[in-house]
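Given next are the chains, with one letter for each unit.
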Amino acid sequence: MVRGLPTAASLARFCRKLNRLKPLGESTMDTSLRRCLSTLDLTLLGVGGMVGSGLYVLTGTVAKKMAGPAVLVSFAVAAVASLLAALCYAEFGARVPRTGSAYLFTYVSMGELWAFLIGWNVLLEYLIGGAAVARAWSGYLDVIFDHQIRNFTEAHLGVWQVPLLARYPDFLAAGILLLASAFVSCGARVSSWLNHTFSAISLGVIVFIITLGFVLARPHNWSAEEGGFAPFGFSGIMAGTATCFYAFVGFDVIATSSEEAQNPKRAVPMAIAISLGLAAGAYILVSTVLTLMVPWYSLDPDSALADAFYRRGYSWAGFIVAVGSICAMNTVLLSNLFSLPRIVYAMATDGLFFQVFARVHPRTQVPMVGILVFGVLMAFLAMLLDLEALVQFLSIGTLLAYTFVATSVIVLRFQKTSPPSSPGPSSPGPLTKEHGSCADHLQLVGPEQASAPEPGQLRPALRPYLGFLGRYSPGAAVAWALSILVASAITLGCVLVFGDSALYLPHWAYILLLLLSGGVFLLSLSVLGAHQQQHRQDTFQIPLVPLTPALSILLNVCLMLKLSYLTWLRFSIWLFVGLAVYFGYGIRHSKENLREPLGLTATRYVVFPSGSLQGAVQTVQPSSQVPTPEELNCMEQPASP
């Protein structure tokens with residue numbers, strides 16, 4: 001062996017470090033944060049995260065440039081597509097009631113490196129998202145005052161002509177972010193109260209818009225004389241759907257807040273479902289009345305609602321719309337500032353990010369350092385940078401997180417069930433009888449128990465027909481099928497998005513590639529469905545697994561492939577920075593490093609139906625709980641036949 005080159009054993013240990021899983025710990029409710037959020041609190045947090053400036057800007061833009069009056073169909077389809085991802089978050093948020101959202105869900109199912117990269121991307125998503133909303137808030141207020149704020153700033157500070165920097169420093173956007181950070185640092189109850197206030201005003205304004213809009217509705221605006229209901233056809237509706245999908249980004253704040261929920265197993269799924277339904281109803285009804293009040297082609301994309309009321313002779317309603325818009329943007333700001341420090345807190349608690357962000361204020365019980373540091377950083381971004389070129393980062397980071405969460409749901413469903421009281425993932429299954437002596441390490445397997453199917457094994461009814469799949473160890477066929485499913489989803493997405501013209505293929509080759517990739521996708525889906533899953537009654541579980549998360553994966557891949565190559569280039573640079581942080585700090589300070597030395601070698605005896613006794617050496621990897629002296633003494637005793 002050449003000196004300096006790593007050995008095969010060291011490479012294997014290194015790869016295991018990258019893919020090590022965090023123990024699920026789903027039964028614990030202990031937390032250093034304060035569990036004070038009710039179902040109503042979580043619901044309004046979700047509504048505030050979804051119903052923001054998009055309601056007042058996005059509806060007019062999509063209606064005029066993409067879909068016409070059929071914008072309501074685009075919002076409906078986008079809501080159904082978002083529901084696929086929301087259900088995955090609901091299952092994880094109820095089962096793993098800890099802060100961290102997509103980062104944590106990936107950590108417990110797919111591995112440490114993947115989890116860090118997801119957390120790193122979500123961090124950037126919240127930073128840019130919060131800064132962009134603050135700039136929109138400032139711009140909207142500037143329009144109300146006839147651009148006096150912008151003119152004053154440019155007159156005294158001049159206009160900047162530097163790439164990546166804004167035309168002028170936006171002190172108003174930075175100020176609103178610092179003020180919101182101060183309120184969020186006062187505790188979850190204060191943040192929730194503020195969010196309740198702004199959400200109530202915003203929802204009241206939405207009800208006013210819908211009511212007055214239906215009074216002023218003119219069905220003639222949907223007639224063929226005005227271009228018809230869908231002037232851009234089916235392609236326009238689908239293009240509008242891709243844009244409207246991002247209007248529903250924000251429900252993940254509910255999963256992020258699950259560690260502060262009073263009853264997360266019940267509250268998280270209900271809050272996600274209710275908030276998504278309210279947001280979808282608001283978008284669909286507002287877009288309906290907007291295109292009924294005035295012809296779709298005459299809409300002002302920048303201020304469609306206010307302009308529509310002004311043109312119908314209700315200029316005073318524009319003031320109410322402005323109040324609702326500002327309140328809606330305030331709820332989005334609070335949602336971003338509430339979620340971002342908790343993601344960083346979860347990463348720091350696991351040792352993957354700097355430990356200073358794991359500190360919780362003893363009185364307010366919030367991650368104070370994370371709130372202040374990232375609040376100031378977000379304010380600097382809003383004040384100095386030109387965010388228009390970076391906004392697409394929101395899309396790719398969100399879609400990647402959705403993809404990993406959907407994949408994690410499939411992984412977790414086919415894992416072997418561990419009892420809630422088990423100290424680690426290698427604990428005996430639920431059929432094992434526990435005792436207080438060395439008999440704890442003897443597992444008696446009867447004829448009925450030996451044949452009981454475990455998650456990851458082939459379903460008994462299908463064994464006569466798919467016996468070749470039963471030859472693999474439990475979970476092996478599932479792992480291969482899931483890998484092929486993701487690969488075929490990427491291939492199918494490329495075929496659907498780029499088409500035969502962009503791929504420079506003859507038509508017959510394009511059709512053949514479409515059939516092959518679609519067939520492999522369906523085949524891998526069938527193989528996954530042929531295996532036993534976990535079925536739990538104590539927490540929420542999504543229906544139709546693996547179909548529901550598989551469709552979510554395919555949809556997310558298609559939407560990611562529609563992003564520009566510059567977005568992918570910038571995203572790759574950000575990933576390389578994240579890898580430098582992980583290999584420079586995270587991998588060395590991970591809390592999983594403390595658990596690895598606790599791996600114990602035990603002998604596990606199994607009595608087979610024939611009466612023979614066989615022993616097998618098993619490595620037990622406990623969770624954060626250290627083995628008791630009795631367990632250590634028991635494992636050190638020589639086994640007697």
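The notes below deal with the structure included here. What you are looking at is a predicted structure, and each value in this text was computed from that prediction instead of being measured.

Focus: the packing of helix α2 (residues 39-50) against helix α9 (residues 188-215)
Point 1. Where α2 contacts α9, the two axes come as close as 9 Å, and the packing angle between them is 60°. For the element pair α2 / α9, the angle class is oblique. The two elements α2 and α9 cross, and the hand of that crossing is left-handed. Between α2 and α9, the residues in contact are Leu40, Asp41, Leu44, Leu45, Val47 and Gly48 and Arg189, Ser192, Asn195, His196, Ser199 and Leu203, respectively.
Point 2. The residue makeup of the contact of α2 with α9, split by class, is five nonpolar, five polar and two charged.

What to know about the packing of aromatic side chains
Point 1. Counted according to the given criterion, the structure contains 28 aromatic pairs.
Point 2. Between Trp568 and Phe571, the aromatic rings sit 6.1 Å apart at their centres with planes inclined by 90°, giving edge-to-face as the arrangement. Remark: Phe571 and Trp568 occur in helix α21 (residues 565-589); sequence separation between them is three residues, near one turn of the helix.
Point 3. With a relative accessible area of 31%, Trp568 lands in the partly exposed category.
Point 4. A network of ring pairs unites the aromatic residues Phe14, Phe116, Trp120, Phe353, Phe354, Phe357, Phe374, Trp574, Tyr582, Phe583 and Tyr585 as a single cluster.
Point 5. The ring centre of Phe338 lies 3.8 Å from the NZ or CZ of Arg342, which sits over that ring.

Overview of the environment of Trp137
Point 1. Relative to the helices and strands, Trp137 is located in helix α6 (residues 112-144).
Point 2. In this structure the C-alpha to C-alpha distance between Trp137 and Ser325, which are 188 residues apart in sequence, comes to 8.5 Å.
Point 3. Non-local contacts of Trp137, meaning those with residues more than four positions away in its chain, are made with Leu172, Ile176, Ile326, Met329 and Asn330.
Point 4. Looking at Trp137, its side chain comes within polar contact range of the side chain of Asn330, at 3.1 Å.

Observations regarding the nonpolar core
Point 1. Residues Leu42, Tyr56, Tyr89, Phe248 and Phe353 are the most contacted members of the largest nonpolar core, which totals 161 residues.
Point 2. No other element matches α6, which puts 18 residues into this core.
Point 3. Among residues more than four places away in sequence, those in contact with Leu42 are Leu37, Ile254, Ser257, Ala261, Ala267, Val268 and Ala271.

Details of the environment of Asn556
Point 1. Following the sequence through the fold, Asn556 ends up in helix α20 (residues 547-561).
Point 2. Using a relative accessible area of 1% as the deciding quantity, one classes Asn556 as buried.
Point 3. Sequence-distant contacts of Asn556, that is, excluding residues within four places in its chain, are made with Phe245, Leu399, Tyr402 and Thr403.

A word on the side chain of Thr291
Point 1. Of note, Thr291 is situated in helix α12 (residues 264-293).
Point 2. Residue Thr291 is classed as buried on the basis of its relative accessible area of 0%.
Point 3. For Thr291, the side chain forms a polar contact with the main-chain oxygen of Ser287, separated by 3.0 Å.
Point 4. With sequence-adjacent residues up to four places away left out, Thr291 is seen in contact with Ala63, Gly68, Pro69, Val71, Asn221, Trp222 and Trp296.

Criteria and cut-off values
The numbers attached to residues start from 1 for each chain and follow its sequence in the written order. This being a predicted model, a pLDDT of at least 70 is required before a residue's local features are given, and a value of 80 or more before pairs of side-chain atoms are given or counted; all residues contribute to the totals for chains, interfaces and linings. Values shown for side chains rest on all heavy atoms present in the structure; no hydrogens or waters enter the calculation. Every angle, taken between N-to-C directions, lies between 0 and 180 degrees, and every axis is a line fitted to C-alpha atoms, over only the stretch in contact when it is a helix. The helix and strand labels rest on DSSP assignments: H or I over at least four residues marks a helix, E over at least two residues marks a strand, and numbering proceeds from the N terminus. For classification purposes, angles smaller than 35 degrees are called roughly parallel, those larger than 145 roughly antiparallel, those between 65 and 115 roughly perpendicular, and all remaining angles oblique. Should the near helix be turned counterclockwise from the far one by less than a right angle, the crossing is left-handed, whereas a clockwise turn marks it as right-handed. Whether two residues are in contact is decided by their heavy atoms, any of which lying within 4.5 Å being enough. Three classes are used, and their members are as follows: Ala, Val, Leu, Ile, Met, Phe, Trp, Tyr, Cys and Pro are nonpolar, Asp, Glu, Lys and Arg are charged, and the others, Gly among them, are polar. Within 6.5 Å between ring centres, the rings of Phe, Tyr and Trp (the latter by its six-membered ring) count as paired, and their orientation is classed by plane angle as stacked under 30 degrees, edge-to-face over 60, tilted in between. Each residue is assigned to one of three classes by its accessible area relative to the maximum for its type, calculated with a 1.4 Å probe on protein chains only: buried under 20%, partly exposed between the two thresholds, exposed over 50%. Each ring is checked for a lysine NZ or an arginine CZ that lies within 6 Å of its centre and within 35 degrees of its normal; such an atom marks a charge sitting over the ring. Pairs of N or O atoms within 3.5 Å make up the polar contacts considered here, provided that, within protein, one atom can donate a hydrogen while the other can accept it, and that residues adjacent in sequence are counted only when both atoms are side-chain atoms. We call a set of buried residues a nonpolar core when its members are Ala, Val, Leu, Ile, Met, Phe, Trp, Tyr or Cys and they connect through side-chain atoms within 4.5 Å of each other.

Purely geometric stuff here, so don't read any function into it on its own.
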